[in-house]
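One letter stands for each residue in the lines below.
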Amino acid sequence: MKLTGLELRRIAMPLVAPFRTSFGTQTTRDILLLRAVTGDAEGWGECVTLPDPVYSSEYVDAAADVLRRFLVPALAAHERLEAHLVGPALAHFKGHRMAKAALEMAVLDAELRASGRTLARELGAVRDRVPCGVSVGIMGSTGELLDAVGGYLDEGYVRIKLKIEPGWDVEPVRAVRERFGDDVLLQVDANTAYTLADARHLARLDPFGLLLIEQPLPEEDVLAHAELAKTVRTPICLDESITSAKSAADAIKLGACHVVNIKPGRVGGYLEARRIADVCAAHDVPVWCGGMLESGLGRAANVALAALPGFTLPGDTSASGRYYRTDITPPFVLEDGHLPVPTAPGIGVDPIPEVLDEVTTSTEWLSW
Ligand code: NPQ
Ligand code: MG
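The protein chain is annotated in an unreviewed UniProt entry as o-succinylbenzoate synthase of Amycolatopsis sacchari. In UniProt, the protein chain has this text filed under Cofactor (unreviewed entry): "a divalent metal cation".

Printed below as a string of structure tokens:
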């Protein structure tokens, strides 16, 4: 396969409601899409960066820059490009995993479409639908939170994740447990908002029977998570800290993580994501598929990943409607708390041209 050109397309999708986390509030999703053109087929990639470097060091403009300056030119030289060669071809460029992941996704999608294979089958999926959880932002009041959680449970979501930060943690968890009972699968995500000095405070979450506490401490404080685990009984799940299969293996060995949130963008792509799933399976560490408010393109690929055998916990693979009134693909709709794994070649979905054009803010064609 030869890459003959690549389109960078920026889209802006309004969120159905503001989404507040410990690092800020988003009201629209500014997404960088990639369309890889090869002699045989086209493929779509979605870059999960945010506009500002607040979740990780990456951000949208930086991803577009590194793609056009370094990553795409490095692949353009390959006469016989295959998706599994993308990682090695880009490895000498440090970091920029989200940008690399988007490029690998686009090449992989093109390759699979060209040969009529599905991403799910390629990755080793064993299910045709996946149970879905939902991530619930920080709210202005407990009443608003209970209304939101109640609505999602009515829609059928099988697991609730509450975003937390200092000042919004024990009480919202208590309120959700009191209103909806102990049977609801419930977990929390701090997005690095705490320090080890908060260990005793976080241990106050223990009585509520949470599935896990996600990324309480800073990205680079892996050892501190192992220390935290001596005080807190709730299982610790890492998100931001896990950037590769190697870092996952190290964190597990350190006793810093009992569960892993796998996000393909954060780790450099779907192929590395599968390697992380393999590492975790070998250590009996449960994994689940995270989310970055993807459009239907990234959502389709995430649902395929979530259908792999090690993904034993419901993921943040919510329906399109959780975030967007209109998705750029046919919408993913929750059925009995599940989303169907796409069955068409590649990622299995296509953008709807008119909708895509409506949300597009800029396009740039790279060719050589
Ligand atoms: C997480 N995602 O697991 C994140 C991070 C996150 C679904 O909770 C705009 C775009 C806002 C991407 C907020 C979920 C976001 C975002 C949070 C990603 O940590
Ligand atoms: Mg997280």
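Further notes follow.
## So, the site of ligand 1
Looking at ligand 1, there are 21 residues lining it, with S135, K161, K163, N191 and G291 nearest. N191 places a polar side-chain atom, nitrogen or oxygen, 2.7 Å from an oxygen atom of ligand 1. Between ligand 1 and E214, the relevant distance is 3.4 Å, taken from an oxygen atom to a side-chain nitrogen or oxygen of the residue. In isolation ligand 1 has 440 Å² of accessible area, and contact with the protein removes 100% of it. The cavity where ligand 1 resides is the largest cavity. Mapping the shell around ligand 1 onto the domain boundaries places at least three of its residues in each of domain 1 (3-116 + 353-367) and domain 2 (121-340).

## A look at the coordination of the magnesium ion (ligand 2)
On the protein side, the magnesium ion (ligand 2) has D189 (OD), E214 (OE) and D239 (OD) as donor atoms, found 2.1 to 2.3 Å from it. Counting along the primary sequence, the residues that act as donors to the magnesium ion (ligand 2) give the motif D-x24-E-x24-D. Of this pair, D189 sits in strand β7 (residues 185-189) while E214 sits in strand β8 (residues 213-214), placing them 25 residues apart in sequence. Accessibility expressed as a relative area gives 0% for E214, which makes it buried.

## Some details on helix α3 (residues 97-115)
The terminal C-alpha atoms of α3 lie 27 Å apart, and with 19 residues this matches the ideal 27 Å at 1.5 Å per residue to within 8%. Of all 19 residues that make up α3, 15 are buried, and the element is covered over most of its length. Positive phi shows up at G116, right after α3, with a value of about 70°.

## A closer look at the side chain of E240
Note on placement: E240 falls in the loop between β9 (236-238) and α9 (245-254). Comment: no salt bridge for buried E240; closest opposite-charge side chain is K263, at 5.7 Å. Among the polar contacts listed, one links the side chain of E240 to the side chain of N191, at a separation of 2.8 Å.

## Re empty space enclosed by the protein
Counted by the stated rule, this structure contains four cavities of 30 Å³ or more. Taken as a whole, the largest cavity encloses approximately 230 Å³ of empty space. Lining the largest cavity are 22 residues, and of these F19, F23, G291, M292 and L293 sit closest to its centre. Of all elements in the fold, only β1 (3-21), β2 (24-38) and β6 (159-163) reach the threshold of two or more residues within the lining of the largest cavity. The leading source of residues in the lining of the largest cavity is β2, at four residues. When its residues are assigned to classes, the lining of the largest cavity shows eight nonpolar, seven polar and seven charged. Shared between two domains, the lining of the largest cavity takes at least three residues from each, and those domains are domain 1 (3-116 + 353-367) and domain 2 (121-340). For the second largest cavity, the lining is made up of 15 residues, of which V48, P264, G265, Y270 and E294 are closest to its centre. When contributions to the lining of the second largest cavity are tallied by element, the ones reaching two or more residues are α3, α10 (264-267) and α12 (296-306). When its residues are assigned to classes, the lining of the second largest cavity shows seven nonpolar, four polar and four charged.

## Examining the domain arrangement of the protein chain
For the protein chain, the domain assignment lists domain 1 (3-116 + 353-367) and domain 2 (121-340). Put simply, the middle of domain 1 and the middle of domain 2, counted by C-alpha atoms, are 23 Å apart. The interface of domain 1 with domain 2 comprises 31 residues on the first partner and 39 residues on the second. Looking only at domain 1, the three residues that lose the most surface to domain 2 are F19, R20 and Y55, adding up to 23% of its buried area. At the surface where domain 1 touches domain 2, the tally comes to one salt bridge. Going through the elements one at a time, β1, β2, β3 (42-47), α2 (83-90), α3 and α14 (353-359) are the ones with two or more residues in the side of domain 1 that touches domain 2. Of the residues in the side of domain 1 that touches domain 2, the class split is 22 nonpolar, three polar and six charged.

## Focus: the packing of aromatic side chains
Tallied over the full model, the rule gives five aromatic pairs. Where F23 meets Y55, the ring centres are 6.3 Å apart and the plane angle is 65°; that geometry is what we call edge-to-face. Highlighted residues: F23 in the loop between β1 and β2 and Y55 in the loop between β3 and α1 (60-76), separated in sequence by 32 residues. In this structure F23 comes out as partly exposed when scored by relative accessible area, which is 24%. Exposure remark for Y55: the relative accessible area of 8% places this residue in the buried category. Each ring, one from F70 and one from F93, has its centre 5.6 Å from the other, and the planes form 50°; the classification is tilted. One end of the pair, F70, is in helix α1; the other, F93, is in the loop between α2 and α3, with 23 residues separating them in the sequence. An aromatic cluster is present here, built from F19, Y323 and Y324 joined pairwise through their rings. Across the ring face of W288, the terminal group of R159 is positioned such that the distance to the ring centre comes to 5.3 Å.

Rules of the game
- Residues numbered from 1 in each chain as written.
- Chains lettered and ligands numbered in written order.
- Predicted model: local features only at pLDDT ≥ 70, side-chain atom pairs only at ≥ 80, totals over all residues.
- Heavy atoms only, no water.
- UniProt positions renumbered as here; feature names shortened; annotations may be inferred.
- Near = heavy atom within 4 Å.
- Polar contact = N/O pair within 3.5 Å; in protein donor to acceptor, adjacent residues only side chain to side chain.
- Areas by Shrake-Rupley, 256 points an atom, 1.4 Å probe, with all protein chains shown as cover.
- 1 Å grid on protein atoms, 1.4 Å probe; cavity = no way out; pocket = protein on both sides within 12 Å on 5 of 7 lines; lining within 4 Å.
- Sits in = over half its atoms within 2 Å of the grid points.
- Domains from an automatic or database assignment.
- Donors = N, O, S within 2.8 Å, 3.2 Å for Na, K, Ca; no water.
- Helix = DSSP H or I, 4+ residues; strand = E, 2+ residues; numbered from the N terminus.
- Buried < 20%, exposed > 50% of the residue type's maximum accessible area, 1.4 Å probe, protein only.
- Expected span 1.5 Å × (residues − 1).
- Lys, Arg positive; Asp, Glu negative; His and termini not counted.
- Salt bridge = Lys/Arg side-chain N within 4 Å of Asp/Glu carboxyl O.
- Points joined across faces, edges and corners; volume = space filled by probe spheres on them.
- Nonpolar A, V, L, I, M, F, W, Y, C, P; charged D, E, K, R; others polar.
- Contact = heavy atoms within 4.5 Å.
- Buried area = accessible area lost by both parts, 1.4 Å probe.
- Phe/Tyr/Trp six-rings, centres within 6.5 Å; stacked < 30°, edge-to-face > 60°.
- Lys NZ or Arg CZ within 6 Å of the ring centre and 35° of its normal.

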